[in-house]
Amino acid sequence: MTSLLPSSTRHRERSAAEVSEDLATRRPLVLLAPLGGVAAAASVLVVCLAVGVVGWFLTDAGAHGTPRDGLRAGTLGWLMAHGSGVTVDGAAVTLVPLGLTVLCAWTIWRLGLRVGESVSGHGPDAVRIADGERDLTVPLATSLFAAGYVATAVLAARLAATSATAPDTGAVVLWSLVLTAAFGGSAIAVGSGRAAIWASFVPPWVRAGLVACRRILVTWLVVSLATFATALVLDLSTAVNVMSQLQTDAGDATLFTLLSALLLPNATIFAGAYLLGPGFAVGVGTLVSPGAVVIGPLPMFPLLAALPESGPPAGWTTYLVVAPVLVAALGAAWAQRRLPTLRYEEGAVRGLAGGVLAGLLFGVLAFVAGGAAGPGRMRDVGPLAFDVLVYAVAAFGIGALFGGLAMTWWQRRGAETDEDLGPV
């Protein structure tokens, strides 16, 4: 009889572990998902509130206004990251600080993963899902997550809004829904394990096309950021001169640096639009592109030092339009190294699908990167979104098509060489 005790003990330990895992993955979905949305919104909002108070204190050591003004400024900054826009001295400012938006999206993703892991035990298992049983775990959790996030955003807008600032609550709700659906929903699907199950039903060429799209878009953003950084470094003295003319002290300089960092993704997209060819505007009636540079008077902002001089550009700048084709070709070929194919038609479809999708996504980024930055001429700042969309789809699609075909040829050549060598 005593020989049976170790087996019984192991069985009890295994059962306890299973119970613990079941409790960890079957937490109350209706309660946890909206709390996750509230936490995702409130975590970044609290940081903005703290920065607002610190900024108020750094400006003239808090001699003007009250801490409440700093809290309102931080809240308005968070709302602007959700497309609200504000009115400053009667002028609309709708430019979205995408750096803060990226931080919000990252926070939504991280907390979405946690929510997905916590509710993964709800609904049918993988076998029942594969048999076609309906699973509403992810849609329900995403909807509740979005509800918590939107409720927090609306409350923040109601508390911070004044007749003078007039943020657009409808835009905040729309941006919040898009962010929670795109990043929160996908994170919940990944954390709950549903994404892996659903991916098994997706055709291989579609998965390969998505990998190519991600590689092309990320590579293009890196190239665009490097282009902007190079232009800024080459004319860094102008940026330093702007700061000196503003007569900023240490506190003001810190605020300017933070604001510049929040607009860094915008500047990256502007640089990408420039490399594609259509370019961007920095005011009504202006254009910055490889073919023409027409710039009028500009506000004193350090990042604008990266702009080229107004007038006919150098002849070599026209060759920059080759960059997106080369980047797309390299991105598609790089992606196909991980998922090789020996069929030319499959390599072409993978590359073309990934390139076109990357172009569409960059066109969307160009659309949201611009807006009004002040009164008068500054009502129009941003890439020429529709032209950028058309050029990006064409350039990325063509480049990725040739990149996919070239990598297929290389992989076929390697396979033929291995066959000629025979077994070792």
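Parameters and conventions
Residues numbered from 1 in each chain as written. Predicted model: local features only at pLDDT ≥ 70, side-chain atom pairs only at ≥ 80, totals over all residues. Heavy atoms only, no water. Helix = DSSP H or I, 4+ residues; strand = E, 2+ residues; numbered from the N terminus. Contact = heavy atoms within 4.5 Å. Salt bridge = Lys/Arg side-chain N within 4 Å of Asp/Glu carboxyl O. Buried < 20%, exposed > 50% of the residue type's maximum accessible area, 1.4 Å probe, protein only. pLDDT = per-residue confidence, 0-100.

**Concerning the side chain of Ser 289**
- Following the sequence through the fold, Ser 289 ends up in the loop between β4 (287-288) and β5 (293-294).
- Excluding residues within four positions of it along the chain, Ser 289 makes contact with Tyr 274, Gly 277, Pro 278 and Gly 279.

**Looking at the pattern of salt bridges**
- A full pass over the atoms with the stated rule returns three salt bridges.
- Linking Glu 345 and Arg 343 is a salt bridge whose minimum nitrogen-to-oxygen distance equals 2.9 Å.
- Residue classification places Glu 345 among the partly exposed positions, given a relative accessible area of 45%.
- For the salt bridge of Glu 346 with Arg 350, the shortest nitrogen-to-oxygen distance reads 3.0 Å.

**Thoughts on the confidence of the model for the protein chain**
- Looking at the protein chain, the pLDDT average stands at 85 and 86% of residues meet or exceed 70.
- Every residue in residues 1-14 is under pLDDT 50, and counting partners more than four places away or in other chains gives zero contacts.

**Let's talk about unusual backbone geometry**
- The backbone of Asp 89 sits at a positive phi, close to 55 degrees, despite the residue not being glycine.
- On the secondary structure map, Asp 89 appears in the loop between β1 (86-88) and β2 (91-93).
- For Asp 89, a relative accessible area of 82% translates into the label exposed.
- One non-glycine residue, Ala 166, lies in the positive phi region at around 50 degrees.
- Mapping Ala 166 onto the fold places it in the loop between α6 (137-160) and α7 (169-191).
- Among the residues examined, Ala 166 registers a relative accessible area of 43% and is labelled partly exposed.

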